[in-house]
Amino acid sequence: MPSPSTIFTELVTTTLRNTATEIADNMSDNNGFSRKLKEKKKIKNLDGGTEIQIPLEYAANGTYQRFTGFDTLNVNGSDVLTSAKFDWAQVAIHVVSSGRELMINSGKSQMFDLAKTKKKNAYKSAANNFSIDLFSDGALTNQIGGLANIIQTNGQGTVGGIDSATWTFWRNQFREISGTNTYTKDTILGEFNAMWLLTHRGVDDTDLIVLSHDFYTVFEASQQQYQRYVNKGGDSEGAVGFGGGIMYKTAEVIFDTNTNFSTTAEKGYFLNTDYLYLAQHKDAQWTADDEKRPTNQDAVIVPIYWMGNLVTSNRARQGVLLDAS
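The following paragraphs examine the structure supplied in this document. Quick caveat, the model's predicted, so the values are computed rather than measured.

1. Comments concerning the overall build of the protein
The secondary structure content of the protein amounts to eight helices and 14 strands. Split into buried and exposed, the 325 residues of the protein put 46% on the buried side. A separation threshold of at least 6 residues defines the contact pool for the protein, and within that pool the share at least 24 residues apart is 73%. If you sum the accessible surface of the protein, you get close to 16700 Å²; carbon and sulfur atoms cover 49% of it.

Below, the structure written as structure tokens:
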């Protein structure tokens, strides 16, 4: 007859076969940014490598030439490509049960409820913590570099191994509102318009604006007489998304919790998600491992692993609007 620990492990690992999908769905349901990445298929599964390499075009082809007749043509090679290199970051969460819990819940229905409850708790905990990481500046030990790392308040920083103080093509856009708490529902659109122009290029436009509560409240007040909404499927047809999902030009406008905005609660990210990716290892995309048993404890542990980073191929199309005063 299988022991309670064996039954628990089988139940947990069986129900964790769809861990990657379920945790991703949980994050998408509670985080508008990760939902957008999933919606646009911007989650990249990679085979490995010492780093996550993202190819970049950093210069124009220098052989463009106006000529006539027998003019000598410029056939020199053009150095136009480089790579941003992002470190792998790792996350682990564990479904754990003590021997005492297993004995108490040794009946089949009780054991199923125990496994289900602990799995649900792991999903929720992973989603909440990873949401914080997605907005982070990567300052915590072993943390991914989130939006605050990729999109910095002075436009510069070393991101993906490229120092934007030297390589200006790699700087993100930024705009600081002048004065102290001077933005109102009558002035916020002017700030949005100025930020939009900085991030716009040709057919490349911001498609998602993520605001702190402060900015969102003021922006929403400016739009209430004629706002249109985006539904959860991404169509602008009156249903509400995250905080209403109000549209500004071609971008969905949502809010996220103020705690995800690090140093200031008055901040808004203008994102072109065509150039943002959540890169993850194909064998560690919230993947459940075999059970572990401590040698000095009566417990069963089922680890769940993730490995990857938030990466970008174009910082110049990303921007941040802030009131840092």
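From this point on, the discussion continues.
2. Things to note about the side chain of Q223
Position of Q223 among the secondary structure elements: in helix α8 (residues 213-223). With a relative accessible area of 7%, Q223 lands in the buried category. With residues near it in sequence (within four places) discarded, Q223 still touches L189, I246 and M247.

3. A few points about a nonpolar patch on the surface
Together, F67, L73 and V75 line one region of the surface with nonpolar side chains, adding up to about 330 Å² of accessible area. Relative to the assigned elements, L73 resides in the loop between β2 (52-57) and β3 (81-86). Overall, the relative accessible area of 45% leaves L73 in the partly exposed class.

4. A short note on unusual backbone geometry
Not every positive phi belongs to a glycine, and K41 is a case in point at roughly 55°. Along the chain, K41 falls in the loop between α3 (32-39) and β1 (43-46). With a phi angle near 65°, N142 is a residue other than glycine that sits in the positive phi range. Following the sequence through the fold, N142 ends up in the loop between α5 (108-134) and α6 (147-150).

5. Examining α8
Residues F215, Y216, V218, F219, S222 and Q223 constitute the buried set of α8. Each element contacted by the buried residues of α8 is listed here: α7 (188-199), β8 (208-211), β9 (246-248), β10 (251-255), β11 (267-271) and β14 (319-322).

6. Let's talk about the packing of aromatic side chains
As enumerated under the stated definition, the model contains 13 aromatic pairs in all. Relative to Y269, the ring of F135 lies with its centre 6.4 Å away and its plane at 50°, an arrangement referred to as tilted. In this pair, F135 sits in the loop between α5 and α6 while Y269 sits in strand β11, placing the two residues 134 residues apart along the sequence. In this pair, the class of F135 matches that of Y269, namely buried. Each ring, one from W196 and one from Y248, has its centre 5.5 Å from the other, and the planes form 80°; the classification is edge-to-face. Residue W196 is located in helix α7, and its partner Y248 is located in strand β9; the two are separated by 52 residues in the primary sequence.

7. A closer look at the pattern of salt bridges
Tallied over the full model, the rule gives twelve salt bridges. As a salt-bridge pair, R293 and E291 come within 2.5 Å of each other at their nearest N and O atoms.

8. Quick word on the nonpolar core
One finds F33, L134, F135, L147, Y269, L271 and L310 to be the most contacted residues of the largest nonpolar core, which totals 44 residues. Not counting residues within four places of it along the chain, the set of residues in contact with Y269 comprises F135, L147, A148, I151, L208, I209, V210, F261, G319 and V320. If you look at the next biggest cluster of nonpolar residues, it comprises 18 residues, including I209, F215, Y216 and A251.

9. Focus: the sheet that holds β10
Strand-to-strand pairing in sheets goes through backbone hydrogen bonds, with the strands running parallel or antiparallel. Spatially, the six strands line up as an open sheet ordered β7-β14-β11-β8-β10-β9, and their pairing is mixed. The outermost strands of the open sheet, each flanked by one partner alone, are β7 (173-176) and β9. Pairwise comparison of adjacent strand axes, ignoring direction, gives a mean angle of 20° for this sheet. Sheet analysis places β7 next to β14, joined by four bridges and oriented parallel. Residue pairing across strands places E176 opposite L322, the latter belonging to β14. Where α3 meets the sheet, its contacts fall on β8, β10 and β11, and the angle it forms with β10 comes to roughly 145°.

How each quantity is defined
Residues numbered from 1 in each chain as written. Predicted model: local features only at pLDDT ≥ 70, side-chain atom pairs only at ≥ 80, totals over all residues. Heavy atoms only, no water. Helix = DSSP H or I, 4+ residues; strand = E, 2+ residues; numbered from the N terminus. Buried < 20%, exposed > 50% of the residue type's maximum accessible area, 1.4 Å probe, protein only. Contact = heavy atoms within 4.5 Å. Areas by Shrake-Rupley, 256 points an atom, 1.4 Å probe, with all protein chains shown as cover. Patch = residues over 30% accessible without salt bridge, like charges linked within 9 Å, V, L, I, M, F, W, Y side chains within 5 Å. Salt bridge = Lys/Arg side-chain N within 4 Å of Asp/Glu carboxyl O. Phe/Tyr/Trp six-rings, centres within 6.5 Å; stacked < 30°, edge-to-face > 60°. Core = buried A, V, L, I, M, F, W, Y, C linked by side-chain atoms within 4.5 Å. Pairing = 2+ DSSP bridges. Axes fitted to C-alpha atoms, helices over the stretch in contact; angles between N-to-C directions.

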